[in-house]
Amino acid sequence: MVTRSDILVLGLTAGVVGSLVGGLMLYAGLALVLNGNHAGWILALPAAPAGGGLGLLLARKLAAKL
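Residues numbered from 1 in each chain as written. Predicted model: local features only at pLDDT ≥ 70, side-chain atom pairs only at ≥ 80, totals over all residues. Heavy atoms only, no water.

With that settled, consider the overall build of the protein chain. In terms of regular secondary structure, the protein chain is built from three helices and zero strands. Each helix and strand of the protein chain, placed in order from N terminus to C terminus, yields the pattern α-α-α. For 66 residues, the compact-globule estimate of 2.2 N^0.38 gives 11 Å, and the protein chain exceeds it by more than 25% at 15 Å. Across its three principal directions, the C-alpha atoms of the protein chain cover 50 × 15 × 10 Å. With 66 residues in all, the protein chain has 21% of them scored as buried. Sequence-distant contacts in the protein chain: of pairs separated by 6 or more residues, those separated by 24 or more amount to 50%. (Helix = DSSP H or I, 4+ residues; strand = E, 2+ residues; numbered from the N terminus. Rg over C-alpha atoms; globule rule 2.2 N^0.38 Å. Buried < 20%, exposed > 50% of the residue type's maximum accessible area, 1.4 Å probe, protein only. Contact = heavy atoms within 4.5 Å.)

UniProt marks residues 7–33 and 39–59 with the feature "transmembrane region" (unreviewed entry), using the numbering shown here. Here residues 7–33 runs as 100% helix and 0% strand, with 38 Å between its end C-alpha atoms. Note that residues 39–59 is 81% helix and 0% strand, and that its end C-alpha atoms are spaced 32 Å apart. (UniProt positions renumbered as here; feature names shortened; annotations may be inferred.)

When you line up the elements, Gly-15 lands in helix α1 (residues 4–34). Looking at Gly-15, the relative accessible area reads 36%, which means it is partly exposed. Once the C-alpha coordinates of Gly-15 and Leu-54 are considered, the two residues, 39 residues apart in sequence, prove to be 9.3 Å apart.

Taken together, the side chains of Leu-26, Leu-30, Trp-41 and Leu-45 present a nonpolar region at the surface, about 380 Å² in accessible area. Examined against the element boundaries, Leu-45 turns out to sit in the loop between α2 (41–44) and α3 (47–64). Judged by relative accessible area, which is 62%, Leu-45 ranks as exposed. (Patch = residues over 30% accessible without salt bridge, like charges linked within 9 Å, V, L, I, M, F, W, Y side chains within 5 Å. Areas by Shrake-Rupley, 256 points an atom, 1.4 Å probe, with all protein chains shown as cover. Salt bridge = Lys/Arg side-chain N within 4 Å of Asp/Glu carboxyl O.)

In structure tokens, the structure reads:
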């Protein structure tokens, strides 16, 4: 049975991990672009979906407990 604390931990974990991963990808990609390497867009553009995807994976892990 999923408890209220499991849902709270899922939200906090997804927020923190998503922000860290998305932020680091965005930072690295934009740093490359500003230095003249346009391949950095490969990191910068999917930063937000990658961060959200981690939250989705965590939610599916929690839903599997049901």
